[in-house]
Amino acid sequence: MGLRPRTHQAHKPQSRIEDAPMLKVVKQHDEMTVYVTQTELGHPTQSTKKKSYFDFKLRWRFEGETYYRTEVSTRLHITLHFNREDETRRVIIAAAWINPRLQEGPWSADITEIVG
């Protein structure tokens, strides 16, 4: 029939992501939405279009606590819901990209936000 044989190409696993995500927080009443972007080299306010990550991991804790709570999302945002008693408390937030092999990249710098 004159068909060419299939050629199989080996796929190399993606390497660990070397840059930390950039965080942006939007607050409304008792919830806080954290958006992450992958910054473009030389343009800190713009994000790249290529997707070299699988998802991201968010860690957060209230100021004065010693343990972190973690959330994982395949979207580019996570919404954290708080109780009325948590108003005016400070929350410390950081994020890291995760590749398809579930390896974490470096964590972003901690940012502090106030609930409410």
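Note: the structure precedes this text.
Quick caveat: nothing in here was measured; it's all calculated off a predicted structure.

Here's the deal with the packing of aromatic side chains
Within the structure shown, the criterion is met by 4 aromatic pairs. Through a chain of ring-to-ring contacts, three or more aromatic side chains come together here, namely Trp60, Phe62 and Phe82. Sitting over the ring of Phe62, Arg89 keeps its end group 3.9 Å from the ring centre.

A word on the pairing of strand β5 (residues 55–62)
Here is the key point about a regular strand: its side chains alternate between the two faces of the sheet. Here β5 lies mainly inside the structure; 6 of its 8 residues are buried. As paired elements, β5 and strand β8 (residues 90–98) share 8 bridges and run antiparallel to each other. Along β8, the bridge assignment pairs Phe56 with Trp97. Relative to strand β6 (residues 69–73), β5 runs antiparallel, the two sharing 5 bridges. The partner of Arg59 across the bridge, within β6, is Thr70.

Definitions and limits used
Residues numbered from 1 in each chain as written. Predicted model: local features only at pLDDT ≥ 70, side-chain atom pairs only at ≥ 80, totals over all residues. Heavy atoms only, no water. Phe/Tyr/Trp six-rings, centres within 6.5 Å; stacked < 30°, edge-to-face > 60°. Lys NZ or Arg CZ within 6 Å of the ring centre and 35° of its normal. Buried < 20%, exposed > 50% of the residue type's maximum accessible area, 1.4 Å probe, protein only. Helix = DSSP H or I, 4+ residues; strand = E, 2+ residues; numbered from the N terminus. Pairing = 2+ DSSP bridges.

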